[in-house]
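Chain by chain, the residues:
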Amino acid sequence: MTQDKLIQRALKPLVWVLCLAPLLGLTGLAYMGEMTANPIEFLNRYLGEWALKFLLSALMMTPLKIVTGWAGFTRFRRLLGLFSFFYAVLHLSSYVGLDQFFNWKDIWTDLIKRTYITVGLGAFIILAVLAATSTKNMIKKLGGKNWNRLHKWVYVAGFGGCLHFFMMRKGVQAEPLYYAGFLVLLLIYRWVYYLKKQRQRTGKTAPAAL
Ligand code: HEM
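What you see is a predicted model; the values in this text were computed from it and never measured.

Novice: Outline the environment of isoleucine 66, supporting the account with residue identities and numerical values.
Specialist: Looking at where isoleucine 66 falls in the secondary structure, it is placed in helix 2 (residues 39-68). Measuring from C-alpha to C-alpha, the distance between isoleucine 66 and phenylalanine 76 comes to 14 Å, with 10 residues separating the pair along the chain.

As structure tokens, then:
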């Protein structure tokens, strides 16, 4: 086994522990009765924030690979993306079950009337599609090119998550802007890297064309 694979194998359990740590933290906070005076709101917001954190972490893996030159980072992209979906499912469930008591009429009204909920649903649907197509079998079925194209939507989900957060907090607040700023930085980095690669490619092919 190569050294790279060994490091990946050793890191995998650690990444799992890190991904489950927010749940453990939540259990601790609940046990100590530190979920504020409004525990349902606290729970819902806590889960939503972690869904977004994992989504941005998944998006960070490719830039980390480029910067460090260690390809192992991309191996954790799928796991982080799936954990983002997992926390988004818990976030949605807490909204439907604890916040709205399964009152589908009110949930429907929220979906139509409160734009930030509509945006959240949009981001959630994208995450669900990406999670459902993240298996090796689906990559084979869709074909690498189509799969890659589909999975670019993760950026739209990230943007949706940030917008949902920004709109939910009334007025301009710093926290949602930090997340959005981080996403923009990641996007700029990927764009600059793409342009650099394009230039290198055309630079290489130009003499041959002459
Ligand atoms: C159908 C899907 C969704 C629904 C119904 C929904 C609903 C909500 C609700 C009701 C709140 C709290 C509002 C309040 O306390 O006043 C909230 C906050 C939030 N949601 Fe969602 N959400 C959805 C999807 C998502 C997704 C996909 C993400 C992330 C990828 C996300 C991230 C967040 C964040 C970051 C917050 C703010 C947390 C904070 O204030 O600290 N939500 N959402």
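Text resumes after the structure shown.
Novice: Break down the nonpolar core for me, with residues and values.
Specialist: In terms of nonpolar packing, the biggest core is built from 28 residues, with Leu47, Ala51, Phe54, Leu55, Tyr87 and Leu127 touching the most fellow members. In terms of residue count, helix 2 provides more of this core than any other element does, 10 residues in total. Beyond its immediate stretch of four places on either side in the chain, leucine 127 contacts Ser84, Phe85, Ala88 and Ala157.

Novice: Explain the packing of helix 2 against helix 8 (residues 153-168) residue by residue, including any values.
Specialist: With their axes 10 Å apart at the nearest point, helix 2 and helix 8 run at an angle of 145° to one another. Like other packed secondary-structure pairs, helix 2 and helix 8 cross with a definite hand, here left-handed. Contacts from Ala51, Leu52, Leu55, Leu56 and Leu59 in helix 2 reach Val154, Ala157, Gly158, Gly161 and Phe165 in helix 8. Looking at the contact of helix 2 with helix 8 residue by residue, the class counts come to 8 nonpolar, 2 polar and no charged.

Novice: Go over unusual backbone geometry with me, naming the residues and quoting the values.
Specialist: Excluding glycine, most residues fall at negative phi; most peptide bonds, likewise, are trans. At phenylalanine 101, a residue that is not glycine, the phi angle is positive and equals roughly 50°. You can see phenylalanine 101 is positioned in the loop between helix 3 (77-99) and helix 4 (104-113). By the C-beta count within 10 Å, which is 9 here, phenylalanine 101 ends up exposed. Backbone geometry places phenylalanine 102, a non-glycine residue, at a positive phi of 55°. Here phenylalanine 102 shows up in the loop between helix 3 and helix 4.

Novice: Explain the site of the ligand to me, and be specific about the residues and the numbers.
Specialist: Arg45, Gly48, Gly120, Leu121 and Gly161 are the nearest of the 24 residues found near the ligand. Of all the secondary structure elements, the ones that give two or more residues to the shell around the ligand are helix 2, helix 3, helix 5 (115-132) and helix 8. Sort the elements by how many residues they give to the shell around the ligand and helix 2 lands first, with 8 residues. Broken down by class, the residue content of the shell around the ligand amounts to 13 nonpolar, 6 polar and 5 charged.

Novice: Let's hear about the packing of helix 2 against helix 3: which residues, and what values?
Specialist: Close contact between helix 2 and helix 3 brings their axes to 8 Å; oriented N to C, the two are set at 160°. As far as their axial angle goes, helix 3 and helix 2 are roughly antiparallel. In the crossing of helix 2 with helix 3, the sense of the turn from one axis to the other is left-handed. Tallied by class, the residues present in the contact of helix 2 with helix 3 amount to 16 nonpolar, 7 polar and 2 charged.

Novice: I'd like a description of the environment of arginine 77, backed by residues and values.
Specialist: Considering the arrangement of structural elements, one finds arginine 77 in helix 3. When the 20 C-beta atoms within 10 Å are taken as the criterion, arginine 77 is described as buried. The spatial distance from the C-alpha of arginine 77 to the C-alpha of glutamate 49 is 18 Å, given a sequence separation of 28 residues. If near-sequence neighbours (up to four positions away) are discounted, arginine 77 is found in contact with Ala58 and Met61.

Rules behind the numbers
Residues numbered from 1 in each chain as written. Predicted model: local features only at pLDDT ≥ 70, side-chain atom pairs only at ≥ 80, totals over all residues. Helix = DSSP H or I, 4+ residues; strand = E, 2+ residues; numbered from the N terminus. Core = buried A, V, L, I, M, F, W, Y, C linked by C-beta atoms within 7 Å. Buried ≥ 20, exposed ≤ 12 C-beta atoms within 10 Å, placed from the backbone. Contact = placed C-beta atoms within 7 Å. Axes fitted to C-alpha atoms, helices over the stretch in contact; angles between N-to-C directions. Left-handed = near helix turned anticlockwise from the far one by under 90°. Nonpolar A, V, L, I, M, F, W, Y, C, P; charged D, E, K, R; others polar. Near = placed C-beta within 6 Å. Parallel < 35°, antiparallel > 145°, perpendicular 65-115°, else oblique.

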